[in-house]
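Results of the structural survey
Letter by letter, the chains look like this.
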Amino acid sequence: MVACSQASRSARSASSSAVPAVVISMSFVVLGVATASLGMLLAHFAGLTPLEGYLATSPGGVYAVLATAVETGSNVTFIIAAQVVRILLML
């Protein structure tokens, strides 16, 4: 009987700790979709390629964005300017 109640508590504990993990994972997916959507809108209205729009609005390391922009031949000046504005807005 004791082992059964411990197993039941253990299962409840595991399921309750899995809920925050699912919420966090879903928030990352939502953030990625929102970033891609903003990038597509920016690309449409600014006359950029979709990749340039995404790189300009993507969260994360500026160095990685810069390296990707240089390697793909994108508009590096615009992308870095947008990233700097993004970082300044976070302050």
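Because the structure is a prediction, the values reported are computed rather than measured.

What about the UniProt feature "transmembrane region" (unreviewed entry) in the protein chain?
In the numbering used here, UniProt assigns the feature "transmembrane region" (unreviewed entry) to residues 21-43 and 63-89. Along residues 21-43, the helical share is 100% and the strand share 0%, with 33 Å between the first and last C-alpha atoms. Between the C-alpha atoms that bound residues 63-89 the distance is 18 Å, and the span itself is 89% helix and 0% strand.

Quick look at the packing of helix 2 (residues 50-57) against helix 4 (residues 76-90)
At a closest axis distance of 7 Å, the pairing of helix 2 and helix 4 adopts a crossing angle of 25°. Relative to helix 4, the element helix 2 lies roughly parallel. In the crossing of helix 2 with helix 4, the sense of the turn from one axis to the other is right-handed. Side by side, helix 2 and helix 4 meet where Glu 52, Leu 55, Ala 56 and Thr 57 of the first sit next to Phe 78, Ile 79, Ala 82, Gln 83 and Arg 86 of the second. Considered class by class, the residues forming the contact of helix 2 with helix 4 number 5 nonpolar, 2 polar and 2 charged.

As for the side chain of Arg 86
Mapped onto the fold, Arg 86 is located in helix 4. Salt bridges are absent for the buried Arg 86, whose nearest opposite-charge side chain, Glu 52, sits at 16 Å. With residues up to four places along the chain from it excluded, the contact list for Arg 86 reads Thr 57, Ser 58, Pro 59, Gly 60 and Val 62.

Remarks on the packing of helix 3 (residues 62-72) against helix 4
For the pair helix 3 and helix 4, interaxial distance at closest approach is 10 Å and the crossing angle is 165°. In terms of orientation, helix 3 and helix 4 fall into the roughly antiparallel class. The hand of the helix 3/helix 4 crossing is right-handed. On helix 4, the residues that touch Val 62, Val 65, Leu 66, Ala 69 and Val 70 of helix 3 are Val 76, Ile 79, Ile 80, Gln 83, Arg 86 and Ile 87. Residue composition of the contact of helix 3 with helix 4, by class: 9 nonpolar, 1 polar and 1 charged.

Criteria and thresholds
Residues numbered from 1 in each chain as written. Predicted model: local features only at pLDDT ≥ 70, side-chain atom pairs only at ≥ 80, totals over all residues. Heavy atoms only, no water. UniProt positions renumbered as here; feature names shortened; annotations may be inferred. Helix = DSSP H or I, 4+ residues; strand = E, 2+ residues; numbered from the N terminus. Axes fitted to C-alpha atoms, helices over the stretch in contact; angles between N-to-C directions. Parallel < 35°, antiparallel > 145°, perpendicular 65-115°, else oblique. Left-handed = near helix turned anticlockwise from the far one by under 90°. Contact = heavy atoms within 4.5 Å. Nonpolar A, V, L, I, M, F, W, Y, C, P; charged D, E, K, R; others polar. Buried < 20%, exposed > 50% of the residue type's maximum accessible area, 1.4 Å probe, protein only. Lys, Arg positive; Asp, Glu negative; His and termini not counted. Salt bridge = Lys/Arg side-chain N within 4 Å of Asp/Glu carboxyl O.

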